[in-house]
Amino acid sequence: MAVETAPLYGGERSRRITIRDLRVAKENGERWPMLTSYDMYTAEIFDEAGIPVLLVGDSAGNNVYAHADTVPVTVEEMVPLARAVVRSTKRALIVCDLPFGSYQLGPEQALATSIQVMKETGVQAVKLEGGRTVVESVRRIVEAGIPVMAHTGFTPQSVNALGGYRVQGRGAQADELIESALALEEAGAFSIVLEMVTAQVAAEVTKRLSIPVIGIGAGPDCDAQVLVWQDMAGMRPDEAPTPRFVKAFGHLRRDLAAATHAFADEVVAGRFPADEHTYH
């Protein structure tokens, strides 16, 4: 039976979104958007726009810190980014990624890192990657009272082991991926990200799980969709390789380049600062 509540996206709320709100949205068949954020201004903009969940992703590795992938990112690099996003928002549920190397040693390391991240940033949840191998870590973190967003399918932290950016869920992989998702739900994850998974498998996972399924390159049938904000806003160079699942909804790189040239041209021509920008 559907529960009456304000919509996640666009609804008026005087408090932060909670994991219960996300489950109610699933029960009501409400779809919702999620974006990454790593700084004050994007966090403010996305929060004011009504984006219900913001992810401080280890995608900062290749979108903030200029690494080739997410593997080099550390907890120490994630903490200040997450703090900024929390301080700059009032409504969104903020999730922080646990970076590679901060939970792979097992449940106790995963719990210790989660506690550190929660205490030092003020986020409402953590996210970690993996299938059956992280089920016990998810269970341990949740038992300690920390909400966990799971992430399976293509897992960027395992890009080297997976042999590159490869679509998951084809052929014999399908059953294993579905069973992994069910195991992560049973362990207590409040939601799960499916990345680069075939649409058919993602649809089956979404149907079988009672928790929200968030797609990124996983077809249209997921409960929610997430993109890296720089991809969403058009910050990539035109010539840069772009994953099939990315759609640019703006041209921010082009607009920022135009603003930069306009500023520089006025400085060179002596038109800036004008009198209205000068103290007397």
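Residues numbered from 1 in each chain as written. Predicted model: local features only at pLDDT ≥ 70, side-chain atom pairs only at ≥ 80, totals over all residues. Heavy atoms only, no water.

## With respect to the overall build of the protein
Each helix and strand counted, the protein has 11 helices and eight strands in total. For the protein, whose C-alpha radius of gyration is 20 Å, the value lies close to the compact-globule estimate of 19 Å for 280 residues. Viewed in the frame of its principal axes, the protein has a C-alpha envelope of about 65 × 45 × 35 Å. For the protein, buried positions account for 49% of its 280 residues. (Helix = DSSP H or I, 4+ residues; strand = E, 2+ residues; numbered from the N terminus. Rg over C-alpha atoms; globule rule 2.2 N^0.38 Å. Buried < 20%, exposed > 50% of the residue type's maximum accessible area, 1.4 Å probe, protein only.)

## Some thoughts on the layout of surface pockets
There is about 680 Å³ of room inside the largest pocket. Taken together, 34 residues line the largest pocket, and the ones lying closest to its centre are Asn62, Glu195, Val228, Asp231 and Arg236. Put simply, the parts of the chain that give the lining of the largest pocket at least two residues each are helix H3 (60–63), strand E4 (125–129), strand E6 (191–195), strand E8 (224–227) and helix H10 (229–233). For the lining of the largest pocket, the residue count by class is 18 nonpolar, eight polar and eight charged. Taken as a whole, the second largest pocket encloses approximately 550 Å³ of empty space. Surrounding the second largest pocket, 24 residues form its lining, Ile216, Gly217, Ala218, Gly219 and Phe245 being those nearest its centre. Mapped onto the lining of the second largest pocket, the elements with two or more residues apiece are strand E1 (32–36), strand E7 (213–216) and E8. (1 Å grid on protein atoms, 1.4 Å probe; cavity = no way out; pocket = protein on both sides within 12 Å on 5 of 7 lines; lining within 4 Å. Points joined across faces, edges and corners; volume = space filled by probe spheres on them. Nonpolar A, V, L, I, M, F, W, Y, C, P; charged D, E, K, R; others polar.)

## Notes on unusual backbone geometry
For the peptide bond that leads from Phe272 to Pro273, omega is 5 degrees, which places it in the cis range. Positionally, Pro273 belongs in the segment after helix H11 (252–269). A positive phi angle, close to 65 degrees, is found at Ala66, a residue other than glycine. By the secondary structure assignment, Ala66 is in the loop between H3 and helix H4 (75–87). Since its relative accessible area comes to 69%, Ala66 is described here as exposed. For Met196, which is not a glycine, the phi torsion comes out positive at approximately 50 degrees. By the secondary structure assignment, Met196 is in the loop between E6 and helix H9 (199–208).

## Overview of the UniProt feature "binding site: 3-methyl-2-oxobutanoate" (unreviewed entry) in the protein
Cross-referencing UniProt, the feature "binding site: 3-methyl-2-oxobutanoate" (unreviewed entry) maps to Asp58, Ser59, Asp97 and Lys127 in the present numbering. Judged by maximum C-alpha separation, these annotated positions cover 70 residues in sequence but sit close together in space, the widest gap being only 12.3 Å. Taken from the residues named earlier, the lining of the largest pocket is made up of Asp58, Ser59, Asp97 and Lys127. By the secondary structure assignment, Asp58 is in the loop between strand E2 (53–56) and H3. Those residues in contact with Asp58 that sit more than four places away from it in its chain are Thr70, Val73, Met78, Asp97, Pro99, Glu129 and Gln157. Structurally, Lys127 is set in strand E4. The exposure class assigned to Lys127 is buried, which follows from its relative accessible area of 1%. Apart from residues lying up to four places away in sequence, Lys127 is in contact with Leu55, Val95, Cys96, Asp97, Leu98, Met149, Ala150, His151 and Val193. (UniProt positions renumbered as here; feature names shortened; annotations may be inferred. Contact = heavy atoms within 4.5 Å.)

## Remarks on the packing of helix H6 (residues 135–143) against helix H8 (residues 173–187)
Packing of H6 against H8 brings their axes to within 8 Å, and their N-to-C directions diverge by 20 degrees. Classified by the angle between their axes, H6 and H8 sit roughly parallel to one another. As H6 runs across H8, the sense of the crossing is right-handed. Judged by residue contacts, Val135, Val138, Arg139 and Val142 of H6 engage Ala183, Leu184, Glu186 and Ala187 from H8. For the contact of H6 with H8, a count of residues per class yields six nonpolar, no polar and two charged. (Axes fitted to C-alpha atoms, helices over the stretch in contact; angles between N-to-C directions. Parallel < 35°, antiparallel > 145°, perpendicular 65-115°, else oblique. Left-handed = near helix turned anticlockwise from the far one by under 90°.)

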